[in-house]
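# Results of the structural survey
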Amino acid sequence: MVFPADFRWGTATASFQVEGNNSNSDWWRWEENGRILHNHRSGLASDWWANAERDLDMAAELGNNAHRLSLEWSRIEPEPSRFDQAALTRYREILTAMLARGIEPMVTLHHFSNPIWLTEKKDFNSDIVVDYFKRYVEKVVDTLGDLVPKWVTINEPMVYIAFRYLTGEFPEPSQTGMIAAFQAMRNMLRCHAAAFHAIKERQPQAEVGLAKNIPIIQPFEEENWLDGWMSRRLHYLFNVLWMRSMTNGRFYWPAGREKVPHLANSYDFIGINYYSRYYTQFPPPKTFVLQEWKPEAQVTDGNYGEVYPEGLFQAINLMMPYKKPIYITENGCPDVKDEIRPSFILRHLREVWRAISFNFPIMGYYHWSLVDNFEWHNGWTQRFGLLALDTDTQARTLRQSGHLYGEICKTGTVSSEMVEKYAPQLMDTLFPGHNPTPRM
Ligand code: IFM
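Anyway, here's the lowdown on the structure attached to this text. (Residues numbered from 1 in each chain as written. Predicted model: local features only at pLDDT ≥ 70, side-chain atom pairs only at ≥ 80, totals over all residues. Heavy atoms only, no water.)

A word on the overall build of the chain. Of regular secondary structure, the chain possesses 15 helices and 15 strands. Its C-alpha radius of gyration of 21 Å places the chain within 12% of the 22 Å reference for a compact globule of 440 residues. Along the first, second and third principal axes, the C-alpha atoms of the chain reach 70 × 55 × 45 Å. Expressed as a percentage of the 440 residues in the chain, the buried residues total 60%. Put simply, 75% of the contacts in the chain that link residues at least 6 apart link residues at least 24 apart. Entry remark: accessible area of the chain is about 17300 Å², with carbon and sulfur atoms responsible for 53%. Considering the chain, the positive charge centre built from 45 side chains and the negative charge centre built from 52 side chains are found 6 Å apart. (Helix = DSSP H or I, 4+ residues; strand = E, 2+ residues; numbered from the N terminus. Rg over C-alpha atoms; globule rule 2.2 N^0.38 Å. Buried < 20%, exposed > 50% of the residue type's maximum accessible area, 1.4 Å probe, protein only. Contact = heavy atoms within 4.5 Å. Areas by Shrake-Rupley, 256 points an atom, 1.4 Å probe, with all protein chains shown as cover. Lys, Arg positive; Asp, Glu negative; His and termini not counted. Charge placed at Lys NZ, Arg CZ, Asp CG, Glu CD.)

So, in structure tokens, the structure goes:
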């Protein structure tokens, strides 16, 4: 499988998950309140604030030409209207270090974490968030814009809204429930539009998009019309609504719609974060979405999700009507023993390659993640890294999947030799009719 010569081969991380000691973030307080599985603490995380360069060296060694990272708003603006110059300088260093290694930065402005002071002002449940976000974005683009060709405004808004307002696993909304969730969505869309235009005014040549998590949602029993009805509703809410708003500039309340100024067509590209497939079942066994899989499913650590590579092609296909370039801004699996990840990468890249061969405009793939990092409310229990991290010593070990991804990135291909070496069980699926390599 040969990929285009200018394809972006990268990995992705997020500030709170890798930097360490982000004590001004609402997540830090969430940890202090014991809201993380097993009371885990992020602590030094993957030590990026002091030593990001160590992992960037490895990314360069793996032949990566791109990396997606995020900025920590609570570091940059630790108090309202006080911007921390030292923090901005450190981000300049990190971005410069990337460019020096031939790694193109894609920078996310909001990735699940808020400054504590903002949550005290009700953040996305208050209209004031839009002005605050705009000022933060302006400051960041004025200071760092010359180093950043690609921006992501907001990471996975619907995941954030669901985990924060509906399941209560994310910190710490001022209100919960459906009304608060819709209110937050409206303000997030307004923040997105404000950020898009703030960037474009300063850097017209920059590419600005968002990272949208696209789960595949299907009825547990095809013939059960309630399962089907519910899967279509959830699919619409989760995968369609936000895209529709960003495209036509309208926000859809359950009771009507509202035109949002400057929102229409406010994106240059779509970032797809793809992980898994979920089922709906009536009556709901736990929540609306089943976290249990069909018996034949291959499931990743901590029941995180079913391995369903075809869903990546389906997610890409769902985004085709918007007629924009697409980056796979996240894709990966928690697999501490690295038993599944090599085949996971190969099978998902096959779907990307299949989409490219249909002439779908897929411009790059950012594997989640470069290094094990703090997995939000699941703490250290889920390890997504190509690099395994020992959190006591900060030592890293490149997993087999990391070696594989390096070979892929350096050559821009997936070859039958790689498959034979890293996941021989896939030979017949990925290369049907292949001639076995002659053994000497
Ligand atoms: O770790 C997260 C990331 O922050 C957002 N997308 C999903 C990843 C794995 O759960």
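It is worth spelling out the site of the ligand at this point. In the vicinity of the ligand, the residues found are Q17, H111, F112, N155, E156, Y275, Y304, E330, W368, E375, W376 and F384. H111 is positioned with one of its side-chain polar atoms (N or O) 2.7 Å from an oxygen atom of the ligand. Within the side chain of E375, one N or O atom sits 2.6 Å away from an oxygen atom of the ligand. For the ligand, the accessible surface in isolation is 280 Å², of which the surrounding protein chains cover 96%. A breakdown of the residues in the shell around the ligand according to their chemical character gives 6 nonpolar, 3 polar and 3 charged. (Near = heavy atom within 4 Å. Polar contact = N/O pair within 3.5 Å; in protein donor to acceptor, adjacent residues only side chain to side chain. Nonpolar A, V, L, I, M, F, W, Y, C, P; charged D, E, K, R; others polar.)

A word on the pattern of salt bridges. Side chains that differ in charge, positive against negative, can pair when their charged atoms come close. Applying the stated criterion to the full structure yields 31 salt bridges. Note that R101 is salt-bridged to D57, the shortest N-O span being 2.7 Å. Taken together, the positions of R101 in the loop between α5 (85-100) and β3 (104-110) and D57 in helix α3 (residues 48-61) put the pair 44 residues apart, joining distant regions of the chain. A residue is classified by how much of its surface remains accessible, and R101, at 25% relative accessible area, is partly exposed. Taking the shortest distance from any N to any O, the salt bridge between R202 and E201 comes out at 3.9 Å. The exposure class assigned to E201 is exposed, which follows from its relative accessible area of 64%. Connected through salt bridges with shared partners, the residues K134, E138, D142, E201 and R202 form a single ionic network. (Salt bridge = Lys/Arg side-chain N within 4 Å of Asp/Glu carboxyl O.)

Roughly 200 Å³ of volume is contained in the second largest pocket. In terms of lining, the second largest pocket is formed by V130, K134, R190, A193, A194, H197, A198, E201, V260, P261 and H262. Sorting the residues of the lining of the second largest pocket by element identifies α7 (128-144) and α9 (178-202) as the ones contributing at least two each. The element best represented in the lining of the second largest pocket is α9, accounting for 6 residues. Considering only residue class, the lining of the second largest pocket consists of 6 nonpolar, 2 polar and 3 charged. (1 Å grid on protein atoms, 1.4 Å probe; cavity = no way out; pocket = protein on both sides within 12 Å on 5 of 7 lines; lining within 4 Å. Points joined across faces, edges and corners; volume = space filled by probe spheres on them.)

Next up on the list: empty space enclosed by the protein. Tallying each qualifying case throughout the model produces 2 cavities of 30 Å³ or more. As a volume, the largest cavity reaches approximately 50 Å³. T13, A14, S15, V18, E19, W48, L69, S70, Y91 and I94 together form the lining of the largest cavity. Going through the elements one at a time, α1 (15-18), β2 (66-70) and α5 are the ones with two or more residues in the lining of the largest cavity. Of the residues assigned to the lining of the largest cavity, the class counts are 6 nonpolar, 3 polar and 1 charged.

Bringing the sheet that holds β3 into the picture now. Around the barrel, 8 strands lie side by side as β1-β2-β3-β4-β5-β9-β12-β13; this closed barrel has parallel pairing. Across the sheet, the mean angle from the axis of one strand to that of its neighbour is 25°, orientation sign disregarded. Where helix α12 (residues 341-357) meets the sheet, its contacts fall on β1 (8-12), β12 (326-330) and β13 (362-368), and the angle it forms with β13 comes to roughly 165°. (Pairing = 2+ DSSP bridges. Axes fitted to C-alpha atoms, helices over the stretch in contact; angles between N-to-C directions.)

Attention now goes to the packing of aromatic side chains. The final tally for this structure, using the stated rule, is 36 aromatic pairs. With a centroid separation of 6.2 Å and 90° between ring planes, the pair formed by Y275 and F384 is classed as edge-to-face. Pair noted here: Y275 is in the loop between β9 (269-273) and β10 (277-280) and F384 is in the loop between β13 and β14 (387-389), with a separation of 109 residues, a long-range link. The pair Y275 / F384 is uniform in exposure class, with both members buried. For R41, the ring lying beneath its charged end belongs to W28, and the centroid distance is 5.0 Å. (Phe/Tyr/Trp six-rings, centres within 6.5 Å; stacked < 30°, edge-to-face > 60°. Lys NZ or Arg CZ within 6 Å of the ring centre and 35° of its normal.)

Quick look at the environment of T280 now. Along the chain, the position of T280 falls in strand β10. With 50 residues separating them along the chain, T280 and M230 place their C-alpha atoms 6.4 Å apart. Among the polar contacts listed, one links the side chain of T280 to the backbone oxygen of D227, at a separation of 2.9 Å.

Here S74 is to be found in helix α4 (residues 73-76). A distance of 2.8 Å separates polar atoms of two side chains, one belonging to S74 and the other to E72. Sequence-distant contacts of S74, that is, excluding residues within four places in its chain, are made with N24, S25, N114 and P115.

We now examine the pairing of β13. Buried residues dominate β13, accounting for 6 of its 7 residues. Pairing of β1 with β13, which is carried by 5 bridges, proceeds in the parallel orientation. Looking at β13, one finds that A12 is bridged to W368. As judged from the 3 bridges shared by β12 and β13, these two strands associate in the parallel manner. Within the sheet, the bridge partner assigned to Y327 lies in β13 and is G364.

Attention now goes to the packing of α5 against α7. In helix packing, the relevant descriptors are the interaxial angle and the interaxial distance, both defined with respect to the helix axes. Packing of α5 against α7 leaves a shortest axis separation of 10 Å and a crossing angle of 50°. The angle between the axes of α5 and α7 places the two elements in the oblique class. Between α5 and α7 lies a crossing of right-handed hand. The segment α5 lies against α7, with Q85, L88, Y91, R92 and L95 engaging K139, T143 and L144. Within the contact of α5 with α7, the residues separate by chemical class into 4 nonpolar, 2 polar and 2 charged. (Parallel < 35°, antiparallel > 145°, perpendicular 65-115°, else oblique. Left-handed = near helix turned anticlockwise from the far one by under 90°.)

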